Every structure is written in C-alpha cells, then in structure tokens.
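# Structural overview
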Amino acid sequence: MKQLIQNLKTGITSLEEIPVPQPGRGQVLIQTTHTLVSLGTERMLVEFGKASLFQKARQQPDKVQQVLDKIRAEGLLPTLEAVFNKLDQPIPLGYCHVGVVAQLGDGVTEFQIGDRVVSNGSHAEFVCVPKNLVAKIPAGVSDEEASFAVIGSIGLQGLRLAQPTLGETVVVIGLGLIGLLTAQLAKANGCRVIGYDVDEAKVKLAGLLGIKSFNSLINDPIASVKEATQGLGADIVLITASAKGDEIIHQAALISRKRGRIVLIGVIGLDLKRADFYEKELTFQVSCSYGPGRYDDNYEQKGNDYPLAFVRWTAQRNFESVLQAIESQSVNVKTLISEQVPFSDFQLVYGDMKNPTRIASLLAYPSQPRVLSRKVVFPQPVISSAGSLRVGIIGAGNFTMATLLPALKKNQVAIQGIASANGLSGTLMAKKYNAEFSTSDYQELFADENVNLVIITTRHSLHAGMVTKAIQAGKNVFVEKPLAVNEEELHVLQELFTTKPQASLLHVGFNRRFSPHILQLKKLVGLQPGAMHLIITMNAGALPPNHWTLDPKEGGRIIGEACHLVDLAVYLTGSEVASVTGQSLGISSNSNSDNASFLLEMQSGSNVVINYFANGSKAYSKERIELYYQERTLVMDNFRITTGYGWPGFTKLKTSIDKGHSEQIKQLKIAFESGEPLIPISQLFHVTAVTLAMVQSLKQNARISI
C-alpha cells in the first residue's frame, strides 16, 4: 500500500510503499476512500522540513536547550548524531480520514467490517486507528462531507470550552477552514456570529455561509465589533487564526465584553498584557485538539472510554456531533471543497500549499478492493552463504534506528527483514540498511528460513511472549532488556529452557558489560575478586507521567532499565545476588517508583548500591560507577572517562561515549559461530529474578532473599 510521508531533514514529500498495518487489540483497520488535507497544519510541517537547520532550531528553542544539555552530558558528536537521526525519521501526514472498516483487532465490538467510518488516520491506503478515535458515518453524509468531521471537532471542542448560550455573540478571528467550520457550529448553537480575516476571499465565503464577516485590513476590528454589539463587546472570542505575533490576543481582549471568554484554537503569540485581562476580568483558555481523551493513553491506546454521564463530550463523541451537524445541514462543508484530486497526484496540492484560493483539498483513493499485503520485498543481492549470521528484527523504534542498526552495519551483519506494527518505520529502515523485506507481521520472520537470529526490540511487555514463539520456531534470539516483566513470564521461559532443552541460543541486550570502560574495570579487579563496595547510579531523568515505560504492565523503569545495573553488579563482582533491599523516594514506598535506591548483598560478601533517579538534572552525566576495593578506587563517568586511584599502571581511560553496543554485536557474531551464549543463560535468569525482586522489595518494604 502507499502512504504519504514528510521528510523533516530534506523537506521532501513523497509516497512510500509499505506493508498494510496489522490491527492490534482495540484497533480498527480501515481502507481509505478520502482524506482531507489540513492546509494549515500540514503546510507548517512541510515548510519546517524545507527549512535550514538554523531555521529549524529557531522554531524550536525548547529543543535547542535539550540539545545543549545533551552536549554537556554526552559530548558534541553523539549529540549531533542523535539530532540528525531524529530529523531523518520521516513522519506520516494527515489526520482527517474517511474509509471502510476492513479488519477488526481483538476486543473491538463497536464496529463491523464494511462500516463507513471517519478517523484521525493519515494519508494512506490503509490505516490502523484505536477504536475511540473512530466514528460511524450516518447514511445521509457522503464520504467527501465526512472528511471534515475530525477537523470540525477541533473547532467544536473550542466552542464547547467557551460554553455558549442561546443568543450570545461569538466572534471568530481567522476564517480559514477551522474558522469557517467553527463559525457555522456556533451559529447552529443559536449564537450570533461575527467573523473576520485579512483574506477577502475567505470573508466573502463566510458571507455565503450566512456568517456576518469583514476584512480586518479594511475595517477596524475593535470598532466593528463594538458597533455590531451596541458597544457591549463579544461574549465569546474564538481564535482560529495562525500568527507569530501577539496582536491577535490583544485584539481579542479589546473586543470582549467584561467577563467575556476567550478560547484559543489556533496558534498565535501569547505575550499577554495584564491590563487587557485585569480590567475586564476576562477568561482565557487554550483548546486541546478533538476533545477529552486526546493524548490520554488510557482512552486512545487502551480503549477505555469516559462514562457519558461524567464526560458528555469526548473526542469520539465530538466526531459524531460534527457528522450529525453535517447530516442536518446545520453545517455546510460542500461549499468549502476547493478541489478533489487522486491520491497519486498529491503533488498538485502539496506542491502549492500557499495557494490562497484553497480552503479544503480532498485526496480521493482507488475504489477497487486492495490486497492486505503485509510484506514488501526489496530487490537484493544473492543471500550470503549458509551458516552466516542473518537477522530479522522485530521493532523499529528509536533504539533500533539510532543504535542497533548502525552497530549491525559496522559489524557487517546481514539484515533479512524488519517488522514494525505500522509498517512505515520498518520499511524506511529496511530500505536504508539493505534488508530484503519489511513486514507488519513479525511472524513472517519466524517463517523465513534465511533468518537464523531474531532480534526483539519491542515494548517490554511483549518480550517474553515473542521470545517463546521465536524459540519454538527454532530461531536463535537476541532480546533487548528486560527478558520478562513479571515472575510468571520468567517461569515460562525457565521451563522452556530447563525441562525442554533447546537447540536455540538466547541472548539479552546487556550491552554495558561490553563497554571498554566496564571491560577495563573487570580487567583491573579480576574474574573472581574479593569483597568490594560498588555504587552504580543512573541519573535517568524525568518522564511525562503518561510515558509508556511508566505503565506497570510494561514493568516500569526499574525492571525496564535498572536491570542493566544489576547485570553490571553481577559481572563486576563475579558473584550472584543473595538479597535485595529497596527504598523509594518519599515517606511511603512506591513499587512503581522511578526514584529509588537498592542495597544488593552479594554471595561473595560484596555490597552493591544501585541508585535509579528520575529527579536529577539532564545536564549531568546519566551513569556513574564508583568501585572501592583493596584501598583502591575506580570511577567511571558516563562511559566516557574512567579514572583509577591507587591502581598501579592505570590512571585514566578516555573515549567518546561508548556503552558497548557495537562490541556486543561483534561478540554476538562470535557467539553465533561458536554456538555459545554471550552471557550464561543462568545469569540472564538470575539478573531478571533480582530485578523483579527489587520491585517486590519496594512493594513489601522488606528485604527479599533471592
């Protein structure tokens, strides 16, 4: 299938051939009939992509500060590499989508195959959308009309926040597509509506739709609204314009009545003048997208709807309201359609997005049934000889792109295929790194006889299940940490490898023990050192509360990342862990905390303190190790500098930041050829058990024996 993408690095807009996405639990697969081009939002993305690196930086000053912090913590070259990798990830365009339900994911009962629906899907022949962002189209609404539902809900949500009542005066500033839809919705709500814009064509179009409007370049907005309201001012001002300056918010305050309400739907400068708002006691609010539920992972991704009795209007119910308004002809969208072009001719729209005559452009898709092909094959040279390492990768996120694939390329490891749920990211990486195919069905990798090692880099909750399936399919497996997120998963894997010995090898991505800095520490203390004190600190940094790694179902950050530190403790002390005692930050223990300290008592008599902190500065080093042993000390700072105190023949090791990823892949090739694991499987299970015990210790506020 084809999908429209925007490259933020080169500025090129193009169609990409990708596999049809696979609907997950709670998702709906939709075959597209029409999409609407949001000329405002999408034009900003296209223009951002075409801008120079300096111009991009000027547009995102908050990102510049993050880059500066990263440079201080990790160095210039690694930071620049990360920035360019990020810019090199093309993004899908579009969010106003209409189509027919083609397939249902598990747990979806609200829709049936063949239903006509709207969604916030992108410009693509098929899209996979969570069920709460999908709505059925009434019989009296055409596909072309329905394509306005999602963008109309943006205006509707702003209007709902203003809480209009019958007879109130609403002023809409900015008569672009969202402004014209918002003005009609306000009128349908029984309000007296006034709109203005600097574009005469849009002002005339608003007039044709029955909206009293004027050109603010010709007529003074303040005087015009004052005259139209007999000097009272507007009850509500809805700002749907896009502008960099703060003149619009100043105007909105001046045209409002005392205790009026201002809602921002568009994007403008917000240098508010206190006097404007103080004297009139004005209310100001910013509207967020389609409505309640937007950007809430529980609503969008997990499919948990808000009870109607408590949250009357959600994003999905706003979609439905706009569709009902179109069906009743309270909102006229046919007049807004500037053009309709075939999807393949997208450049007719994107090549001239500044055309002032356009209000809404529609892309029409082929009407014939399309095959649900979940594999795209690329012409490649003859496959390398039997016995050589050839990998299939499940997961195409940032780690795969920025770290794993460059390490595989450096070590000349052949890539057979890459699987990603949405099909796009995996395809782009497969083409860049000369893989034979990309797929949205990871089991294609298990079925491919040329794949002799499967690498799993998905979300943590999927690891154990995928490892099990891969081993059962006779594949060697390399799984990014963690191996499992709960004891049940760990027991299943232990059972698989103990009661039914496998020919397959299992590797876990504990890369840090392959760093030159950790190898140096290990060389200095020896394979079986005596008792030592070891302090391992990870300054992990704070994450938004809705970040997926904080979800207990994904194991949380201790299981998901602190397992690296447990592996280092076992490796450096040459000993297994005897017991764990943990304490989270704060008065009450929190088992899902990402601010905690742990004391690991090792069987060798060593003591290891593991600190995992999310409340530190990102400008400070992320990781640090202090090793105290036989009146000597070693300090490793962020895998860049290791300093020895009292060690004969060793004082300092300096490198660029090196967490061992490349060396790990190098050793992986050797392990594959020799048939020996990178790390003994008993250690992999032990480290996983210890990490699970760390969380259990926080939960019980007790010492846990291993």
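Refer to the preceding data block for the structure.
In what follows, the accompanying structure is described. (Residues numbered from 1 in each chain as written. Predicted model: local features only at pLDDT ≥ 70, side-chain atom pairs only at ≥ 80, totals over all residues. Heavy atoms only, no water.)

Scanning the protein chain for helices and strands turns up 23 helices and 32 strands. Against the 2.2 N^0.38 benchmark of 27 Å for 706 residues, the protein chain shows a C-alpha radius of gyration of 29 Å, consistent with a compact globule. Referenced to the eigenvectors of the C-alpha coordinate spread, the extents of the protein chain come out at roughly 90 × 60 × 50 Å. The buried share among the 706 residues of the protein chain stands at 54%. Within the structure as shown, the protein chain displays about 30700 Å² of accessible surface, and the carbon and sulfur contribution to it stands at 52%. Across the protein chain, 67 positive and 63 negative side-chain charges occur, with their mean positions spaced 3 Å apart. (Helix = DSSP H or I, 4+ residues; strand = E, 2+ residues; numbered from the N terminus. Rg over C-alpha atoms; globule rule 2.2 N^0.38 Å. Buried < 20%, exposed > 50% of the residue type's maximum accessible area, 1.4 Å probe, protein only. Areas by Shrake-Rupley, 256 points an atom, 1.4 Å probe, with all protein chains shown as cover. Lys, Arg positive; Asp, Glu negative; His and termini not counted. Charge placed at Lys NZ, Arg CZ, Asp CG, Glu CD.)

What follows deals with the sheet that holds strand 2 (residues 13-17). Taking strand neighbours across the sheet as the criterion, the 3 strands line up as 2-1-4 in an open arrangement whose pairing is antiparallel. Two strands bound the open sheet, and with one partner strand each, they are strand 2 and strand 4 (91-92). Sheet topology note: the strand 1 (residues 2-6)/strand 4 ladder contains 2 bridges and is antiparallel. Opposite Ile5, over in strand 4, you have Pro92 as the bridge partner. Together, strand 1, strand 2 and strand 4 form the strand contacts of helix 16 (residues 424-432), whose direction differs from that of strand 2 by roughly 90 degrees. (Pairing = 2+ DSSP bridges. Contact = heavy atoms within 4.5 Å. Axes fitted to C-alpha atoms, helices over the stretch in contact; angles between N-to-C directions.)

With that out of the way, let us pick up the packing of helix 20 (residues 516-525) against helix 21 (residues 556-573). Taken N-terminus to C-terminus, the directions of helix 20 and helix 21 make an angle of 30 degrees; their axes are 9 Å apart at the nearest point. Accordingly, the angle class assigned to the pair helix 20 and helix 21 is roughly parallel. Of helix 21, the residues touching helix 20 (which contributes Ile518, Leu519, Leu521, Lys522 and Val525) are Leu568, Tyr571 and Leu572. Its residues assigned to classes, the contact of helix 20 with helix 21 comprises 7 nonpolar, no polar and 1 charged. (Parallel < 35°, antiparallel > 145°, perpendicular 65-115°, else oblique. Nonpolar A, V, L, I, M, F, W, Y, C, P; charged D, E, K, R; others polar.)

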